[in-house]
Amino acid sequence: MKKTITLEVNGVPETAEVEVGTTLLRFLRDGLDLTGAKEGCNEGECGSCMVLLDGRPVNSCLVLAVEASGRRVTTIEGLSKDDVLHPLQKAFLSHAAIQCGFCTPGMIVSAAALLREKPEPSEDDVRKALAGNLCRCTGYRQIVDAVHSAAAEMRAAASVGGNGNADAGKPAACEEVTA
Amino acid sequence: MPSDLDFLSPTSVDEAIALKAVPGTAWLLGGTDLLPQMRAGRKAPGRLVDLKRIPGLHEIREVADGGLSIGAAVPLADVEVHPDVLDRFPLLAECAKTVGAWPLRQRATLAGNLCNASPAADTAVALLALEAEVEVASTVGRRTIPIREFFLGPGLSALEPGELVTAVVLPGASAGFRGSYLRLSRRKGMDLATVGVLVGKSNGTLPARWRVALAAVAPTPLRLRAVEELLEAKGAAAASEAAEAARLACRPITDLRGSAEYRREMVGVLVRRGALSLG
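Predicted model, so just to flag it, every value in this text is computed and none were measured. (Residues numbered from 1 in each chain as written. Chains lettered and ligands numbered in written order. Predicted model: local features only at pLDDT ≥ 70, side-chain atom pairs only at ≥ 80, totals over all residues.)

A.B. asks: Which parts of the structure should I look at to understand the domain arrangement of chain B?
C.D. replies: Interfaces are often sized by the accessible area lost when the parts come together. Residue and element names in this part refer to chain B. When the domains of chain B are assigned, the result is domain 1 (6–50), domain 2 (57–171) and domain 3 (180–277). Taking only C-alpha atoms into account, the centre of domain 1 sits 19 Å from that of domain 2. At the junction of the two partners, domain 1 supplies twelve residues and domain 2 supplies 17 residues. Top contributing element to the side of domain 1 that touches domain 2 by residue count: helix H1 (residues 13–19), with four residues. Its residues placed into classes, the side of domain 1 that touches domain 2 shows seven nonpolar, three polar and two charged. (Domains from an automatic or database assignment. Contact = placed C-beta atoms within 7 Å. Helix = DSSP H or I, 4+ residues; strand = E, 2+ residues; numbered from the N terminus. Nonpolar A, V, L, I, M, F, W, Y, C, P; charged D, E, K, R; others polar.)

Following this line, the structure appears as structure tokens:
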């Protein structure tokens, strides 16, 4: 059965007709051509389909597109702005936290959600936040290092740009980046 | 997924209950269990009733006796960081944060974890230990099911067809228990417990009250009142005796996560460890 959904994806309003059984992941990839989120296990085990739903990290293979109606979705494509990479994307490159790259969008989206809640995460915080993202290449060390490096860069940028208001010290959250 | 699958989003409990009257209707909360089950062909509902647009189900609110009521649609990620949960019912937070992984817990709910009635449900042991009550609604009316009567077997609960869990209530009398949930699994995230052992002790009451509950070592999550009584009578000095009693009380099976023998041994080790840490 088809339903009409309206939602915001990376800051852009979208309206579409979708089958009820279509996952958010399938809708993003096939309907909107946003192929950054990947289908790995398709049962919520691997995390390669991670996107932000109203700012929360979710496995988009476990969300129906109809459930996302009226909500805000941010994908890996929404983290960079005008061809400028997000600090996490830059750090993953500079730390060689990528090999085959399949898990990378999911890793970065989960990490972006973490840094929004905890600008200065411990190693344990990073590992726990990424526990739902599998990588079969890098062994995770480079990934954890990249997250710490990006966190430091985002804190530094926030303190330079800060003007003493309550948000100073908070990293640029994903929504702000796409806004 | 079938092409004629329908999807409805009621905005009140009464509406949701009325919709369930049509055969083949399934409630949808986080979907973290239901959607994989549907994809694997183990469940085949003809229509889904999404409960997440019902405003009243999203609240964690205080109840008159100093307890907390946790709405059915509250995700576990919110339970595990809620200040009142951490302050009064830290054992629930301990258990909640071991379910799946952080992103999964943004969708998965306490009510959903309960309704699956999995013997390995991590939050079930906290709810058993804290003597929670499950509030349900149906076209017949509303009732409260004490958690000790809720789990009947693997995948089987005391819910009648058409009954909707609206909230889980933690009574004020259970506030203040401290302790730990000791959990073994093959990897730290995204795996079900091989063995889960909760040991808790009341804070400030004399004589101290103890709580011991187990996951993944019997057809249902278990609370071991006899083991608690041992610890209440003799304190942590009886840790080894309590461990032996727990070892004998559990009824584990062998499956891909571990053998029955291993599970039984680990119940003893973890009960002893948990009790000693609270000595």
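A.B. asks: Could you clarify how one ought to interpret the sheet that holds strand S1 (residues 6–8) of chain B in this entry?
C.D. replies: What holds strands together in a sheet is hydrogen bonding between their backbones, with the strands either parallel or antiparallel. Residues and elements named next belong to chain B. Here we have three strands laid out as an open sheet, ordered S1-S3-S2, and parallel in their pairing. Each having just a single partner strand, S1 and strand S2 (25–28) make up the two edges of the open sheet. With direction set aside, neighbouring strand axes in the sheet form an average angle of 25°. Where S2 and strand S3 (residues 47–50) come together, four bridges link them in parallel fashion. Directly across from Ala-26, in S3, lies its bridge partner Leu-48. (Pairing = 2+ DSSP bridges. Axes fitted to C-alpha atoms, helices over the stretch in contact; angles between N-to-C directions.)

A.B. asks: I'm lost on the interface of chain A and chain B in this one. Help?
C.D. replies: In this complex, chain A contributes 24 residues to the contact, which on the side of chain B involves 23 residues. Secondary-structure elements contributing two or more residues to the side of chain A that touches chain B are strand S4 (56–59) and helix H4 (123–129) of chain A. Counting residues per element, the side of chain A that touches chain B draws most heavily on S4 of chain A, which supplies four residues. Counted by class, the side of chain A that touches chain B contains ten nonpolar, seven polar and seven charged residues.

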